Amino acid sequence: MSLLIVLAALGFLMLVAYRGYSVILFAPIAALGAVLLTDPSLVAPMFTGLFMDKMVGFLKLYFPVFLLGAVFGKLIELSGFSKSIVQAAIGLFGPQRAMLSIVLVSGLLTYGGVSLFVVVFAVYPFAAEMFRQSDIPKRLIPATLAVGGFSFTMDALPGTPQIQNIIPTTFFGTDTWAAPVLGILGSLFVLGVGMAYLEWRRRVAARHGEGYGDPATLVNEPAPFAGTTLANAGVAVLPLVLVFVSNKLLTLGIPHWYGAEHSFVPAVLGKAAPVVQEVPKIAAIWAVEGALLVGIATVLVLAWRPVVTLFAEGTKAAIGGALLAAMNTASEYGFGAVIAALPGFMVVANALGSIKDPLLHEAVTVTGLAGVTGSASGGMSIALAAMSETFVANAQAAGIPMEVLHRVASMASGGMDSLPHNGAVITLLMVTGLTHRQAYKDIFAVTIIKTVAVFVVIGIHYATGWV
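Small disclaimer: the values here were computed from a predicted structure and weren't measured.

Moving on, we get to the pattern of salt bridges. Applying the stated criterion across every chain, the model contains 10 salt bridges. Here Arg-201 ties to Asp-442 by a salt bridge, and the two come within 2.7 Å at their closest N and O atoms. Of the two residues, Arg-201 sits in helix α10 (residues 180-207) while Asp-442 sits in helix α20 (residues 436-464), which places them 241 residues apart along the sequence. Note on Arg-201: relative accessible area 11%, which makes it buried. Here Asp-417 ties to Lys-450 by a salt bridge, and the two come within 3.6 Å at their closest N and O atoms. Placement of Asp-417 in the loop between α18 (402-413) and α19 (423-432) and of Lys-450 in helix α20 is noted, with a sequence separation of 33 residues between them. We classify Asp-417 as buried; its relative accessible area is 6%.

This is the structure we're talking about:
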């Protein structure tokens, strides 16, 4: 019964998300409904002590990233830089390679350390303009962004600074470059199969005469550029390059400047306790925020005149979008925390332990828990915290290197995590102005491709012994 309660809560949340209802409203309803059926006395304590605690903790850390990312993306749009880059990309790759262009831009930003959520805000104006000019259906934009930003550069490509590639280092004593051969092969599989799928969907739409969409019915369309001339493509891409470079430099510099821990005493009346912060836990967030501020300042310097006239109204819309996206994701985070605390969740985790093969056991456990919680990092953290010692012992008995455990765990976390209730999926659809009904089918296809890639990598390791 405890297992059925967990599955019912998960199914309910996926259903309401798919049908377009607000996750901010229904995530706590689904989570607390499961608590009510498990132990009614825990409803209020779970809500304030776990759901809200995790939700507020997420907002505390990541809301500035959502906000700055949304403002940066809006300024890129208002300045006309997005249109300039689109025209240059079409000239370089051709109008039929719009999808490849967006995948490569998204992948470059993600691999450079820019948050997945920031990539959505920053690249969407480019994607919308490019798809419009190439007359590719707008409903394919989310899947295209998912291939570029939510897949191989998030968890497969060696050295990626995304959190999904960092978490396993703590448990397996590895570094972010673990299993480079398997990571590269897995990345090529996702990129190749993902692009083949997207191009097939584009050709099917073209055969049926489906274009970008009716402007009268489209939502959240980037505003048309109001200027008379477009900036040089090299100037237009400069803010993106500076975000990439600044993020890398700040990631390296912040731990050096602040050390492992930093504290200060706030200037208030009475005895104030010092505020202590563990720098390694927040250095990546500070780096992204600083890099986005550099990008915003660069756009303002390079395109002050076209931006300033639309800045007030444009940023209002961006801030509203950032608030909604952050709240959606934070609600998902709270839901995952509550579900993970229920007895039924342990039933799922224990059932997965019946799989005998070490790598298959790890992959199915991590991707399964990522799917239940709707979070790649959340599902992997729970799985490794509870079962990493078992994974290590089984792998050592089978002669499997820790680097392979790392890469399989990382890639598996980005497999079934992107179900309909996933925060990144909801944010992606909200930013692009699309619904689950319109675009999720293609996102789910990318989810399947990512999941299959994990087992392809496992098969390659067993067949060749490559790491």
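Having put the structure on the table, let's press on.
Glancing now at the UniProt feature "transmembrane region" (unreviewed entry) in the protein. In the numbering used here, UniProt assigns the feature "transmembrane region" (unreviewed entry) to residues 29-52, 59-78, 98-127, 177-198, 283-304, 333-352 and 443-463. Split by type, residues 29-52 is 83% helix and 0% strand. Its first and last C-alpha atoms lie 13 Å apart. In this annotation, residues 59-78 is assigned 100% helix and 0% strand; the end-to-end C-alpha distance for the span is 27 Å.

Another point: the packing of helix α9 (residues 163-172) against α18. Packed helices, taken two at a time, are described by the angle between their axes plus the distance between the axes. Here α9 crosses α18 at 145°, and the two axes come no closer than 9 Å. Where α9 crosses over α18, the handedness of that crossing is right-handed. Residue-level inspection shows Gln-164, Asn-165, Pro-168, Thr-169 and Phe-172 of α9 in contact with α18, the latter providing Met-402, Leu-405, His-406, Arg-407, Ala-409, Ser-410 and Ser-413. Taken together, the residues of the contact of α9 with α18 sort by class into 5 nonpolar, 6 polar and 1 charged.

Within the chain, Asp-135 stands out as a residue other than glycine whose phi angle is a positive 60°. Mapped onto the elements, Asp-135 comes out in the loop between α6 (116-134) and α7 (141-149). Its relative accessible area of 47% is what places Asp-135 among the partly exposed residues. For Ala-179, which is not glycine, the phi dihedral falls at a positive 45°. When you line up the elements, Ala-179 lands in the loop between α9 and α10. Its relative accessible area of 1% is what places Ala-179 among the buried residues.

Scoring rules and cut-offs
Residues numbered from 1 in each chain as written. Predicted model: local features only at pLDDT ≥ 70, side-chain atom pairs only at ≥ 80, totals over all residues. Heavy atoms only, no water. Salt bridge = Lys/Arg side-chain N within 4 Å of Asp/Glu carboxyl O. Helix = DSSP H or I, 4+ residues; strand = E, 2+ residues; numbered from the N terminus. Buried < 20%, exposed > 50% of the residue type's maximum accessible area, 1.4 Å probe, protein only. UniProt positions renumbered as here; feature names shortened; annotations may be inferred. Axes fitted to C-alpha atoms, helices over the stretch in contact; angles between N-to-C directions. Left-handed = near helix turned anticlockwise from the far one by under 90°. Contact = heavy atoms within 4.5 Å. Nonpolar A, V, L, I, M, F, W, Y, C, P; charged D, E, K, R; others polar.

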